[in-house]
Amino acid sequence: MTVASGRLVVRGARHPGDIAVRDGWIEAIGTVEAQEGDTVLHVDGDIVTAGLVNTHHHLYQWMTRGRATGCNLFDWLTTLYPIWARIDVEDVLAAARVGLAELALSGCTTAADHHYLVPRGDDSVFDALATATTEVGTRLHLARGSMDLGESRGGLPPDDVVEDLDDILASTERVIGRWHDAERIVVTVAPCSPFSVSERLMRESADLARRHGLRLHTHLAETREEEADCLARFGKRPLAVLDGWGWVAPDVWFAHGIHFDDDEIARLAAVGAGVAHCPSSNARLAAGFCRTPELRAAGVPVGLGVDGVASNEQGTLVTELRQALWSARQGAQDPSALSAAEALEMGTIGGAACLGRRDIGRLAVGARADLVVWPGDDVADIPDPVEAIVLGPDRRARHVLVGGQPIVTDGTLLGMDLHAARTDLAVRARRLWG
């Protein structure tokens, strides 16, 4: 199905009813009267949601899926850094193709990829990520990540995977010039973490991003080890360190944010900084329970993230809805801590807010027509369609539209041969097993 001109009508959905799309935007929802020239997509009994928004990912990590499966974060990183050091640009392209394809099939229409590994300083790796998202058809928030603090200077990563600070800044300018269009590909400035970057890189990256009107992203408050490292090096907790560097602001969202205390949550809320919650990765690494109910209650924007599939082997976003709900309830020891509707909100509107966007993540007139049609035949007995999506059996999308154009039809990805892409990726990953 291709809609070259005219109007597309998604007709017969159990929820929210008919949807009319024109020129890539939602024109009407509810009961939509037929017009001459309409293209009609019949989805009788299925469930339609806004496209899911993935606020934190590392696409390259598909190359090392299933490794270091019993480690905490620091041990996991030190195990994988030497392997990641051998990855090349073509490997990243292969991983990104599969990663974005799996995201699309799980209902994700926008993904923020935090890429901080630049093999041998070759920043064409960011061209590879842009190429992959163009092939799959999703939107990409391309976070130009970076590390400049190697082991010899007190950082965690080996020296051979970090970059020169001035090279990072120059490359970031080039990536912005090549790829930032503010709609399909949005560049973000994203030094990796307090234990892998210098203060100067954090400060100058913030200045660079704000000169261009771009957002900032980094990992923060993921583990107790990170907290201890910041206290030892700076005499402050992680959020206070970044606050002093100008990074606690409305144009910033942080990945993980597990170990924020009450005062820190209030500080985030006061400035409007967001949090990308990655519940499956957090559980796999035993990092702790993110305080999502308290963050949301305070007014902090909270979205969902898959994180890399080296710490979340499934690599799909819809499964994070349920995991977020379970984690919130377990962490709070309260079965009412997070509802299915709130979990879906985190996966859509909340994620869009973290990325600074109001045009996506909403099933509303005037929003971009990024839509997911979920099979509804096997959950027709569940009264609430949102609870059917979040609490029912795992879903694969039946149809996915980005800007009103299909990228998944009848469960099949349209933009690439996924079987061939998986085969290529497996061959490349096996090269790293030795």
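The preceding data block contains the structure.
About the criteria used
What you see as residue numbers is a count from 1 along each chain, following the sequence as written. Whole-chain, interface and lining totals are the exception, using all residues; otherwise, since this is a predicted model, local features are given only for residues with pLDDT of at least 70 and side-chain atom pairs are given and counted only at 80 or more. Side-chain measures here rest on the full set of heavy atoms in the structure, leaving out hydrogens and waters. Buried residues of nine kinds, namely Ala, Val, Leu, Ile, Met, Phe, Trp, Tyr and Cys, make up a nonpolar core once their side-chain atoms join them within 4.5 Å. Summary of the burial criterion: residues with accessible area below 20% of their type's maximum are buried, those above 50% are exposed, and those between are partly exposed, where the area comes from a 1.4 Å probe applied to protein chains only. Helix numbering and strand numbering both begin at the N terminus, where a helix is a DSSP run of H or I of at least 4 residues and a strand a DSSP run of E of at least 2. In what follows, residue pairs with any heavy atoms lying within 4.5 Å of each other are defined as contacts. Sulfur atoms of two cysteines make up a disulfide when they are within 2.5 Å. Two strands qualify as a pair provided DSSP detects at least 2 bridges between them. Counting rule for charge: Lys and Arg are taken as positive, Asp and Glu as negative, and neither His nor the chain ends is counted. A pairing counts as a salt bridge when a side-chain nitrogen of Lys or Arg comes within 4 Å of a carboxyl oxygen of Asp or Glu. What qualifies as a polar contact is a pair of N or O atoms within 3.5 Å, subject to a donor-acceptor requirement within protein and to the restriction that residues adjacent in sequence count only when both atoms come from side chains. By this rule the span expected of a helix is its residue count minus one, scaled by 1.5 Å. Lines fitted to C-alpha atoms define the axes here, with helix axes fitted over just the stretch in contact, and angles between the N-to-C directions of these axes take values from 0 to 180 degrees. What sets the label is the angle itself: under 35 degrees gives roughly parallel, over 145 gives roughly antiparallel, 65 to 115 gives roughly perpendicular, and the rest give oblique. A crossing counts as left-handed when the near helix is turned anticlockwise from the far one by less than a right angle, and as right-handed when that turn is clockwise. For Phe, Tyr and Trp, where Trp contributes only its six-membered ring, two rings pair if their centres lie within 6.5 Å, and the inter-plane angle classes them as stacked under 30 degrees, edge-to-face over 60, or tilted in between.

Student: Got a minute to help me understand the nonpolar core in this structure?
Tutor: Generally speaking, a soluble globular protein has its nonpolar side chains buried in company with each other. Residues Trp76, Trp84, Trp247, Phe254 and Leu268 are the most contacted members of the largest nonpolar core, which totals 122 residues. Looking at this core element by element, the count peaks at 12 residues for helix H2 (residues 89-105). Residues contacting tryptophan 84, with those up to four places away along its chain left out, are Tyr60, Gln61, Thr64, Trp76, Leu77, Tyr116 and Leu117. Listed in part, the 14 residues of the second largest apolar core include Val10, Val48, Ala369 and Leu371.

Student: How should I be thinking about the state of the cysteines in this particular structure?
Tutor: Linking two cysteines covalently through their sulfur atoms gives a disulfide. Applying the stated criterion to the full structure yields 0 disulfides. Unpaired in terms of disulfides, cysteine 278 finds its nearest cysteine sulfur in cysteine 290, a separation of 8.8 Å.

Student: Would you mind going over the pairing of strand E1 (residues 7-11) with me for this structure?
Tutor: Note on strand geometry: in a regular strand, side chains alternate between the two faces of the sheet. With respect to burial, E1 is a largely interior element, 5 of its 5 residues being buried. Burial along E1 is two-sided: Arg7, Val9 and Arg11 facing one way and Leu8 and Val10 facing the other are all buried. Across 4 bridges, E1 lies against strand E2 (residues 18-22) in antiparallel orientation. Looking at the pairing, valine 10 lines up with isoleucine 19 of E2. Note: E1 against strand E4 (residues 39-42), 4 bridges, orientation parallel. Each residue of the ladder has a partner; that of valine 10, found in E4, is leucine 41.

Student: Which parts of the structure should I look at to understand the side chain of aspartate 148?
Tutor: Relative to the helices and strands, aspartate 148 is located in the loop between strand E8 (139-146) and helix H4 (165-179). Among buried Asp, Glu, Lys and Arg side chains, aspartate 148 stands out as unpaired, with arginine 153 the closest opposite charge at 4.3 Å. In terms of polar contacts, aspartate 148 uses its side chain to reach the side chain of serine 198, at 2.7 Å. Excluding residues within four positions of it along the chain, aspartate 148 makes contact with Arg153, Val162, Glu163, Leu165, Ile168, Ser196, Val197, Ser198 and Leu201.

Student: Teacher, can you tell me more about helix H1 (residues 73-84) here?
Tutor: Residues three or four positions apart in an α-helix share a direction because the helix packs 3.6 residues into each turn. Between its first and last C-alpha atoms H1 spans 15 Å; for 12 residues at 1.5 Å apiece the expected length is 16 Å, and the two agree. Here H1 has its buried residues at Leu73, Phe74, Trp76, Leu77, Leu80, Tyr81, Ile83 and Trp84. Here the buried face of H1 lies against helix H6 (224-234) and helix H9 (279-284). Where H1 begins, one side-chain oxygen reaches toward the backbone nitrogen of phenylalanine 74, 3.4 Å away; that side chain belongs to asparagine 72.

Student: Explain the pattern of salt bridges here, please?
Tutor: Opposite charge on two side chains permits pairing when their charged atoms draw close. By the definition in use, this model includes 38 salt bridges. Residue aspartate 261 pairs with arginine 237 through a salt bridge whose shortest N-O separation is 3.7 Å. Of this pair, aspartate 261 sits in the loop between strand E11 (252-256) and helix H8 (262-271) while arginine 237 sits in the loop between H6 and helix H7 (238-244), and the two are 24 residues apart along the sequence. Here the residues in one salt-bridge network are Arg139, Glu183, Arg357, Asp359, Arg368 and Asp370, joined through shared partners.

Student: It is not clear to me how the packing of H4 against helix H5 (residues 199-212) should be interpreted in this structure. Could you clarify?
Tutor: Think of two packed helices as two axes; the pair is described by the angle between the axes and how far apart they sit. Relative orientation of the contacting elements H4 and H5 amounts to 20 degrees, with a least axis distance of 11 Å. If you check the angle between H4 and H5, you find them roughly parallel. In this structure, the crossing between H4 and H5 has a hand that is right-handed. On H5, the residues touching Leu165, Asp166, Ile168, Leu169, Thr172, Glu173 and Ile176 of H4 are Arg200, Leu201, Glu204, Ser205, Leu208, Arg211 and His212.

Student: Can you help me understand the packing of aromatic side chains in this one?
Tutor: One pair of aromatic rings is described through two measures. These are the centre distance and the angle between the planes. Across all of its chains, the model carries 6 aromatic pairs by this definition. A ring pair is formed by tyrosine 81 and tryptophan 84, whose centres lie 5.7 Å apart and whose planes are at 85 degrees; its orientation type is edge-to-face. Of this pair, tyrosine 81 and tryptophan 84 both sit in helix H1, 3 residues apart, roughly one helical turn. Each member of the pair, tyrosine 81 as well as tryptophan 84, carries the same accessibility label: buried. Between the aromatic rings of phenylalanine 234 and tryptophan 245, the centroid separation amounts to 5.5 Å while the plane-to-plane angle is 90 degrees, which identifies the pairing as edge-to-face. Highlighted residues: phenylalanine 234 in helix H6 and tryptophan 245 in the loop between H7 and E11, separated in sequence by 11 residues. Among the residues examined, tryptophan 245 registers a relative accessible area of 7% and is labelled buried. Among the aromatic side chains, those forming a connected cluster through ring pairs are Tyr60, Trp76, Tyr81, Trp84 and Tyr116.

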